[in-house]
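Okay, here's what each chain looks like letter by letter:
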Amino acid sequence: MKFDYSRYDKLSVQLDDAVLRLTLNRPEKRNIIDDPVNEQISDAFHDATFDERVRCVVLSGEGKSFCGGGDFAQMKRKVEDPGLFFKGIWNSRRLVYTVLDCPKPTIARIHGHAMGLGATLPLLCDFVVATDDTKIADPHVNIGLVAGDGGSLIWPQMMGYAKARKFLMLGEPITGREAADLGLIAESVPTLEEATALADRWVDKLANGASMSIYGTKMTINQPLRQLAHAAMDTGMAYEGLSNISRDHAEAIEAIGEKRKPNFSGE
C-alpha cells in the first residue's frame, strides 16, 4: 500500500525515500499535543506500518523543545465536561498501541523539553537520542492527574520500577544525560546537531538493512510490552478518568489559569 501524506495538517509528515519523518510543528505552542494532533500521530504510525515504501520512522519536534505535553485549554474543557475525557480515551489507547505495533524501526530525537505525553510518545519508540540538557518528565501528578496515558506503562519497563516510581510519583524531571545513564533512553549527546547526526546514522543503517530481520527482531522484543500495554492502558486510563473529576485536578487547572501554585486538598 501507498499513502498520500499531504493530507496531514496537524503535524508535518514527509516521506524521504524510505524514511517517514514525523515532526511536531507548532513551536509557538511548544508543540503541545491535543486530541486532533494525537489522532494524526496515530494515523501516521498506522500508515508507516502498511506503506511498503517506508522502512524507518523518525520523530522530532520543531523549535526550542520537542514537546511541552498536553493542551491545558483542552484539559480545562474536560474538567468542565468529563464526557470529553471519556471520548478521548480511545485516542490515547490507540496512540500507544499503534506505536508499539508498528514493525518499522522508530527513532525519536528529543531536545529542550519532553513533558507528559511528550515524554511517553518518544519513549515508546525503539531508539531515543536526546541532548544532555533535555528535560524529560511525566508531571501528571503535579496537576492532579494519574499518569495513565502511557507513562506508567513505559517508564518502569525502561528504567526499572524503583526509579520510575521516583520520577512518576514525584513528578520530577530527569535530564537527557541522566536518562541515558539510567536506561530510559538509548543515547544522550551534548548538542542538537550531534543528536541529529547520531539519529541519521541509525536511520542509514536501519533503512538500508535487512528489513524483514529488523522488523521481526523488533516485534519479538516488543511482544511482552505489547501484551502488558493492553492491560495497563485500560487500568491507567480508568484511574486517570477518575482523577479528571477530582477536586485537586480542577484546582490545578484553575491555578494554571491564575498563574499560581495549586492548593491540593487530597480530594
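Scope of this entry: the structure provided in the associated data block. A quick note: this is a predicted structure, and the numbers were derived from the prediction, not measured. (Residues numbered from 1 in each chain as written. Predicted model: local features only at pLDDT ≥ 70, side-chain atom pairs only at ≥ 80, totals over all residues. Heavy atoms only, no water.)

1. Notes on the pattern of salt bridges
Next up, step 1: Within this structure, the stated rule accounts for 14 salt bridges.
Next up, step 2: Among the ionic pairs, R260 bridges to E251, the shortest N-O distance being 2.7 Å.
Next up, step 3: On the accessibility criterion, E251 (16% relative accessible area) is buried.
Next up, step 4: E254 is the salt-bridge partner of R260, the closest N and O atoms lying 3.8 Å from each other. (Salt bridge = Lys/Arg side-chain N within 4 Å of Asp/Glu carboxyl O. Buried < 20%, exposed > 50% of the residue type's maximum accessible area, 1.4 Å probe, protein only.)

2. Considering the packing of aromatic side chains
Next up, step 1: Taken as a whole and judged by the stated rule, the model has 4 aromatic pairs.
Next up, step 2: With 6.1 Å between their ring centres and 45° between their planes, W155 and F167 make a pair best called tilted. Residue W155 is located in helix α5 (residues 151-159), and its partner F167 is located in helix α6 (residues 161-170); the two are separated by 12 residues in the primary sequence. By the burial criterion, W155 is buried, and F167 matches it. (Phe/Tyr/Trp six-rings, centres within 6.5 Å; stacked < 30°, edge-to-face > 60°. Helix = DSSP H or I, 4+ residues; strand = E, 2+ residues; numbered from the N terminus.)

3. What about the packing of α5 against helix α9 (residues 211-244)?
Next up, step 1: Running from N to C, α5 and α9 point in directions that differ by 145°, and their axes come no closer than 10 Å. With respect to the hand of their crossing, α5 and α9 are arranged in right-handed fashion. Within the contact between the two elements, α5 uses L153, I154 and Q157 and α9 uses L225, L228, A229 and A232.
Next up, step 2: The class makeup of the residues in the contact of α5 with α9 is 6 nonpolar, 1 polar and no charged. (Axes fitted to C-alpha atoms, helices over the stretch in contact; angles between N-to-C directions. Left-handed = near helix turned anticlockwise from the far one by under 90°. Contact = heavy atoms within 4.5 Å. Nonpolar A, V, L, I, M, F, W, Y, C, P; charged D, E, K, R; others polar.)

4. Remarks on the sheet that holds strand β2 (residues 19-24)
Next up, step 1: Taken together, 6 strands build an open sheet; the order of strands is β1-β2-β3-β4-β6-β9 and the sheet is mixed. The sheet is open, and its two edges are formed by β1 (12-16) and β9 (187-189), each paired on a single side. The sheet shows a mean angle of 20° between the axes of neighbouring strands, taken without regard to direction.
Next up, step 2: With 3 bridges joining them, strand β6 (residues 127-131) and β9 adopt parallel strand pairing. (Pairing = 2+ DSSP bridges.)

5. Some remarks on the sheet that holds strand β8 (residues 174-175)
Next up, step 1: Strand order in the open sheet formed by 3 strands is β5-β7-β8, and the pairing between neighbours is mixed. Only two strands of the sheet have a single partner each, and these edge strands are β5 (113-115) and β8.
Next up, step 2: In this structure, strand β7 (residues 135-137) lies alongside β8, joined through 2 bridges in antiparallel fashion. Following the sheet pairing, K135 is matched in β8 by T175.

6. Side note on the packing of helix α1 (residues 35-50) against helix α3 (residues 82-101)
Next up, step 1: Taken N-terminus to C-terminus, the directions of α1 and α3 make an angle of 30°; their axes are 9 Å apart at the nearest point. In terms of their interaxial angle, α1 and α3 are classed as roughly parallel. Considering only the axes of α1 and α3, their crossing is left-handed. Listed contacts from α3 to D35, N38, E39, I41, S42, D43, F45, H46 and T49 of α1 are G88, N91, S92, R94, L95, T98, V99 and D101. (Parallel < 35°, antiparallel > 145°, perpendicular 65-115°, else oblique.)

7. Notes on the pairing of β1
Next up, step 1: In the sheet, β1 pairs with β2 via 5 bridges, with the strands oriented antiparallel. Within the sheet, the bridge partner assigned to Q14 lies in β2 and is R21.
Next up, step 2: In this antiparallel pair of consecutive strands, β1 and β2, the connection spans 2 residues, and D17 shows a positive phi of 55°.

8. Quick word on the environment of R21
Next up, step 1: You can see R21 is positioned in strand β2.
Next up, step 2: In this structure, the C-alpha to C-alpha distance between R21 and T106, residues 85 residues apart in sequence, is 9.9 Å.
Next up, step 3: Here R21 is in contact with S12, V13, Q14, D16, V58 and D200, once residues within four sequence places are set aside.
Next up, step 4: A polar contact of 3.1 Å, which involves the side chain of R21, links it to the side chain of D16. (Polar contact = N/O pair within 3.5 Å; in protein donor to acceptor, adjacent residues only side chain to side chain.)

9. Examining helix α8 (residues 192-207)
Next up, step 1: For α8, spanning 16 residues, the distance from its first C-alpha to its last is 22 Å, which sits close to the expected 22 Å at 1.5 Å a residue.
Next up, step 2: Buried within α8 are the following residues: A195, L198, A199, W202, V203, L206 and A207. Along the long axis of α8, the arc covered by the buried residues comes to 155°, so they all point the same way. What points out from α8, more than 90 degrees from its buried face, is the exposed set E193, R201 and K205.
Next up, step 3: Where α8 is buried, its residues meet β2, β3 (56-61), β4 (106-110), β6, β9 and α9. (Expected span 1.5 Å × (residues − 1). Arc of directions from axis to C-beta.)

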